[in-house]
Amino acid sequence: MSEINLNSRALIRVPAALTIGGLASASQVGVETVRYYQRRRLLPIPSGAGAVRRYPAELINRIRFIKKSQNLGFTLDEIRELLKLEEGGNRRAIRTVANSRLKSIREKIGDLERMEGVLAQRVHDCEEANSSAACPIIAALSEA
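These figures come from a predicted structure and were not determined experimentally.

What counts as what
Residues numbered from 1 in each chain as written. Predicted model: local features only at pLDDT ≥ 70, side-chain atom pairs only at ≥ 80, totals over all residues. Heavy atoms only, no water. Axes fitted to C-alpha atoms, helices over the stretch in contact; angles between N-to-C directions. Helix = DSSP H or I, 4+ residues; strand = E, 2+ residues; numbered from the N terminus. Parallel < 35°, antiparallel > 145°, perpendicular 65-115°, else oblique. Left-handed = near helix turned anticlockwise from the far one by under 90°. Contact = heavy atoms within 4.5 Å. Nonpolar A, V, L, I, M, F, W, Y, C, P; charged D, E, K, R; others polar. Buried < 20%, exposed > 50% of the residue type's maximum accessible area, 1.4 Å probe, protein only. Arc of directions from axis to C-beta. Core = buried A, V, L, I, M, F, W, Y, C linked by side-chain atoms within 4.5 Å.

Enquirer: Got a minute to help me understand the packing of helix α1 (residues 20–27) against helix α3 (residues 59–71) in this structure?
Expert: Helices that pack against each other are described as a pair by the angle of their axes relative to one another and the distance between those axes. Where α1 contacts α3, the two axes come as close as 9 Å, and the packing angle between them is 50 degrees. Considered as vectors, α1 and α3 are oriented oblique to each other. In the crossing of α1 with α3, the sense of the turn from one axis to the other is right-handed. Residues Leu23, Ala26 and Ser27 of α1 pack against Leu59, Ile60, Ile63 and Arg64 of α3. When its residues are assigned to classes, the contact of α1 with α3 shows 5 nonpolar, 1 polar and 1 charged.

Quick look at the structure:
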């Protein structure tokens, strides 16, 4: 049995080796997610000694790392790079990957703020427009 840290307060006991279903369940993902991560080279594919493959319990934490990274907007390619860098402890390279993602997030925020401004103006224009005239929102979206 292995102890896996769920968060800073709780440990759970799981078998040292899990089936793919057990790994998925303990990681709170579906079996297809585990298989997808394997195809994307984020998780190893264990050799099949017998009919059932066994996965080390440590992969639970790796899957959680992947999910948390995705929630921060990292792509699977970036996550694969972070996992490689984690093993080597190259903080400069890790910061480079994270800074690249941060730049992308800031660009998206800027885009969203511009979109908000345009849409807010169109809603205001619609509220102020003569009701017999074409709706400014539809007119703006119809322009080539």
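Enquirer: Teacher, can you tell me more about helix α2 (residues 31–39) here?
Expert: Owing to its 3.6 residues per turn, the α-helix brings residues three or four apart onto one side. Within α2, burial applies to Val34, Tyr37 and Gln38. Burial along α2 is one-sided: seen end-on, the buried residues are contained in an arc of 105 degrees. Looking at α2, the residues exposed on the side facing more than 90 degrees away from the buried face are Glu32 and Arg39. Within two residues after α2, Arg41 carries a phi angle of roughly 65 degrees, on the positive side.

Enquirer: What am I meant to see in the packing of α1 against α2 here?
Expert: For the pair α1 and α2, interaxial distance at closest approach is 8 Å and the crossing angle is 100 degrees. As judged from the angle between their axes, α1 and α2 are roughly perpendicular. Together, Ile20, Gly21, Leu23 and Ala24 of α1 and Val31, Val34, Arg35 and Gln38 of α2 make up the contact between the two elements. Looking at the contact of α1 with α2 residue by residue, the classes come out as 5 nonpolar, 2 polar and 1 charged.

Enquirer: Where do I start with the nonpolar core in this structure?
Expert: General note: in soluble globular proteins, nonpolar side chains tend to be found buried as a group. Counting 24 residues, the largest nonpolar core has Leu23, Val34 and Ile66 as its most contacted members. Secondary-structure elements contributing two or more residues to this core are α1, α2, α3 and α4 (76–88). Among the elements that make up this core, the one with the highest residue count is α4 (5 residues). Once you skip the residues sitting within four places of it in the chain, Ile66 turns out to touch Tyr37, Leu42, Leu43, Leu76, Ile79 and Leu83.

Enquirer: Could you clarify how one ought to interpret unusual backbone geometry in this entry?
Expert: Note: most residues except glycine have negative phi, and most peptide bonds are trans. Positive phi is not limited to glycine here, since Gln28 has a value of about 60 degrees. In this fold, Gln28 is placed in the loop between α1 and α2. A positive phi is found at Arg41, a non-glycine position, where the angle reads about 65 degrees. The residue Arg41 is located in the loop between α2 and β4 (55–56) in this model.

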